[in-house]
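Notes for the structure review
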Amino acid sequence: MGLKCIHCGEDCGKHPVMWDDKPFCCHGCKTVYQILNASEMEQYYEIQPMAGIRVEQADVGDKYAYLDLEEIREKLLDFSDGGVSKVSLFVPGIHCASCIWLLEHLNTLNPGIIHSNVNFPKKTASITFKDEQISLRQLVELMASIHYVPEITLDQLDKKEGTDANRDLLIKIGIAGFSLMNVMLYNFPEYLPGGEQLGETFTKVFGWLSFLLTLPVVFYSASDYYLSAFKGLKHKIVNIDVPITLGIFTLFVQSTYEIATAQGVGYMDSLVGLVFFLLVGKWYQGKTYQALSFERDYKSYFPVAVTKIVDGAEEIIPLSRLKENDHILIRNQELIPADSKLVKGTANIDYSFVTGESIPVPKRLDELIFAGGRQVGSSIEMVVEKEVEQSYLTQLWNQDSGKKETESGLYTMVNKVSEYFTAAILLVAFSAGIYWLFNDSSLALFAFTSVLIIACPCALALTIPFTFGSTMRAFGRKGFYIKNTEVIENLDKIDTVVFDKTGTITLNRSMKAKFIGDTLSEDELQMIKSLAANSSHPLSVAIKENIESEDLFEVENFQEIPAMGTSALINGKRINMGSRKFIMGKVDNDPNSTNVYIFIENKVAGYFSIENTYREGLAEIIDNLKNKYDLYLLSGDNESEKKNLAPIFGSEANLFFNQSPSDKMEFVKKLKKEGKKVLMIGDGLNDAGALLESDVGLTIADDIYSFSPACEGIIESSKFSGLFDFLKFTHSAMNVVKISFIISFLYNLIGLFFAVQGTLSPLIAAILMPISSVSVVAFATFSIQYLSRKKLS
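Attention in this report is confined to the structure presented alongside it. Just so it is clear, the structure is predicted and the values come from calculations on it, not from any experiment.

What to know about the nonpolar core
In a soluble, globular protein the nonpolar side chains are often hidden away together inside. By size, the foremost hydrophobic cluster in this structure holds 48 residues, and its most contacted members are Phe-499, Leu-625, Phe-649, Leu-679 and Leu-723. Residue contributions to this core peak at 10 residues, all from helix α27 (residues 723-755). Residue contributions to this core reach at least three from each of two domains, namely domain 3 (413-474 + 729-793) and domain 4 (475-506 + 616-728). Excluding anything up to four places from it in sequence, Leu-625 contacts Phe-499, Leu-631, Leu-723, Phe-724 and Leu-727. Within the second largest apolar cluster, 44 residues are counted, among which are Leu-274, Val-275, Leu-426 and Leu-760.

Right, here's the structure in full:
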């Protein structure tokens, strides 16, 4: 055995390329190794030894020069603004954990790359980069230099691939089906009493005809199984296609031997039937999973409301009703839901949700602003240029999932079980085959192949995505939207719930605001309302709703400081609105009310006294929760509401007031250090840090809804009373997962019980194998549907 290449694991031959006393099969592999070594990225080889792809020597030259053309660049880029661009590339060379690690650390190879994410199942890399430091062409050339060559096409690649793959599968099924009918016809005498009396000539002819018809089935129809098995073994992974491949070739070799030596017609009918039913099962699984798929439906539930301007009046509409040419209003810190053109106001767009870069980008009138940006400053008006894609916003939301380190115990367990499952099945199959070879050789082949075919961890692996996926869909239909399936498992582990007060347990639009101080003129009231209208903070909303004036003035130099207040120039006058500390530099000592102070030009005009209205059913929700969870309340306001909230929460000890955003975050951090699993429920404005720090962060969505990427879930305000039911339902979902696991294990045990006895034909095993997966998936999906109708109001 010759030396193995350090990079790709291929044989180096008689004359290996040496560098730093390490052998390489070619100069290409040596170059890639040198690039990674120079960037201190040797961990690539620690994750998966010899994980690289062999580099075919090719001079890139001007191969990617076309990527410098603006019209090509525009079609390929997902986003480009403020000197930052984002592109999604299909990279067929992605095959293991090392590939993912390297592609997600491309910024180490070039500082112009901001960050990159890999979608392993789709083999795509989403890369955000700075145009000044690296062009699209240079990015692709960099990827090609480490031999992760993107496959670039301007067609709808995903749809085309899906169609081609489906057509190929149907052709393979057709060939296998045609061969099966004819092979069974040739073997028909063998099924009848006295079939052994058939003349030797007929037996030979039928045997060789069966052999010829079996060849395209074995070497074409079943080829995907061999390819998958080979790729797995090449990277030292024994996947489920290894025993299937072994079973097919065992039957083929044995049958060919019997036909060649004129001992009979072999088992060609069982072999062709095995492949046919495996392929039909694969097709049926795909159709079933597509029919039960939650993702398409889930995306349509994504709950973003937007303010539409119709004949000068504001109207709140769901995002799904937003159309091209609609006139919309975007306030400070609100998300831009669709590609739109700026028609009024001063726009400073924070694209951190899209690119990770938080520096606001100024925009001019009539300039296009991409979906996913967030306005920083005064309200702006826009005209929608392109209808919204809710799936795009959902993808952006999930893009942030890597910022919160969570480990799914269930997924880890399933991966471990699947890893050892196939090795255990191979051991059982060889043991059964050897046992019958010495006791009853006629049963040895069936026992060996049936064990290989019938045992499958697929049902086990599919249980979690379909159970949790169906739960996501059930939650979405009831007004509770979660980022991804891992949130369900994390919610099941929660033992502590922390509430924000303002805008979370209080109703924004039902708050009463009474002004105390100097008598305000009509113009001054309009200026205060104009300032409040630019903020989505609950107290600003309350003040705006309580001032009757309809006309709004133009607002300039708007600023909003979290937990402090807002400031702007209106009609040439400076107006500040916020806490007493923000306006007067003194702490508010009035413990009996929530006050918002007003500063107009050179004096403090007075303050609005805010009377809180609590959400309907709050006392009942808290009463249910405190029997199972530790409850805390954090508020940035003073203690004016303590006397009202203490009876609801049962104690003053867990009520904390005058909490800044950093105080809230530190409080959650402290609870986690104590080993608590924390659910934080806030409004996403002054508590974004606490939401991000918690195990699960939820925000409450009112009519106008300021979306917070820091949260893992959003609950409609009208469904707040069902919070306890949603949390309880995660336990039901976990029970469904456990029952599905038991069903899957029982299926495999019962199947193996019959298979090892040699009484189960490989043909029957091939029929039962996909049925097991489909039945477990169906059980998980329909159980969740039934339980959701019963337990979720």
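Comments concerning the pattern of salt bridges
Scanning all chains against the criterion turns up 19 salt bridges. A salt bridge links Asp-68 to Arg-137; its shortest N-O distance comes to 3.0 Å. With a gap of 69 residues between them, Asp-68 in the loop between α2 (43-47) and α3 (70-76) and Arg-137 in helix α6 (residues 136-145) connect regions that are remote in the sequence. The buried category is assigned to Arg-137, whose relative accessible area is 17%. For Glu-141, the salt bridge goes to Arg-137, with nearest N and O atoms at 3.0 Å. A residue pair is termed a helical-turn pair when its members lie 3 or 4 positions apart in one helix, as Glu-141 and Arg-137 do in helix α6 at 4 residues.

Side note on the packing of aromatic side chains
Following the criterion strictly, the structure yields 18 aromatic pairs and no others. Relative to Phe-667, the ring of Tyr-632 lies with its centre 5.3 Å away and its plane at 70°, an arrangement referred to as edge-to-face. Within this pair, whereas Tyr-632 is found in strand β24 (residues 630-634), its partner Phe-667 is found in helix α25 (residues 661-673), the two being separated by 35 residues in sequence. In this pair, the class of Tyr-632 matches that of Phe-667, namely buried. Aromatic ring contacts, followed pair by pair, group Trp-208, Phe-211, Phe-219, Tyr-226, Phe-249 and Phe-252 into a single cluster. Stacked on the ring of Phe-720, the Lys or Arg Arg-615 has its end atom at 5.9 Å from the ring centre. Here the basic side chain of Lys-628 rests over the ring of Tyr-629, its NZ or CZ set 5.8 Å away from the ring centre.

Points about the side chain of Glu-524
Its place among the elements puts Glu-524 in helix α20 (residues 522-532). Buried and unpaired, Glu-524 has no salt bridge, with Lys-573 as the nearest side chain of opposite charge at 5.5 Å. Setting aside residues up to four positions removed in sequence, Glu-524 forms contacts with Thr-519 and Ile-600.

Topic: the sheet that holds strand β22 (residues 594-600)
Overall, antiparallel pairing links the 6 strands, which are arranged β18-β23-β22-β21-β20-β19 in an open sheet. With partners counted over all chains shown, the strands left at the sheet margins are β18 (512-517) and β19 (555-561), one partner each. Taking the axes of each pair of neighbouring strands and ignoring which way they run, one obtains an average angle of 20° across the sheet. Where β18 lies against strand β23 (residues 603-611), 6 bridges are found, and the strand directions are antiparallel. Bridge pairing in β23 links Phe-515 to Phe-608. α20 contacts β19, β20 (565-570), β21 (573-578), β22 and β23 of the sheet and is inclined by roughly 60° relative to β21.

Structural notes on the packing of helix α11 (residues 241-260) against helix α17 (residues 441-454)
Interaxial distance between α11 and α17 falls to 8 Å at its minimum, and their mutual angle equals 155°. Viewed along their axes, α11 and α17 adopt a mutual orientation that is roughly antiparallel. The hand of the α11/α17 crossing is left-handed. Between α11 and α17, the contacting residues are Pro-243, Ile-244, Leu-246, Gly-247, Thr-250, Leu-251 and Gln-254 on the first element and Leu-445, Phe-448, Thr-449, Leu-452 and Ile-453 on the second. Residues belonging to the contact of α11 with α17 are distributed by class as follows: 8 nonpolar, 4 polar and no charged.

Quick notes on the rules
- Residues numbered from 1 in each chain as written.
- Predicted model: local features only at pLDDT ≥ 70, side-chain atom pairs only at ≥ 80, totals over all residues.
- Heavy atoms only, no water.
- Core = buried A, V, L, I, M, F, W, Y, C linked by side-chain atoms within 4.5 Å.
- Buried < 20%, exposed > 50% of the residue type's maximum accessible area, 1.4 Å probe, protein only.
- Helix = DSSP H or I, 4+ residues; strand = E, 2+ residues; numbered from the N terminus.
- Domains from an automatic or database assignment.
- Contact = heavy atoms within 4.5 Å.
- Salt bridge = Lys/Arg side-chain N within 4 Å of Asp/Glu carboxyl O.
- Phe/Tyr/Trp six-rings, centres within 6.5 Å; stacked < 30°, edge-to-face > 60°.
- Lys NZ or Arg CZ within 6 Å of the ring centre and 35° of its normal.
- Lys, Arg positive; Asp, Glu negative; His and termini not counted.
- Pairing = 2+ DSSP bridges.
- Axes fitted to C-alpha atoms, helices over the stretch in contact; angles between N-to-C directions.
- Parallel < 35°, antiparallel > 145°, perpendicular 65-115°, else oblique.
- Left-handed = near helix turned anticlockwise from the far one by under 90°.
- Nonpolar A, V, L, I, M, F, W, Y, C, P; charged D, E, K, R; others polar.

The analysis is restricted to geometry; functional conclusions fall outside its scope.
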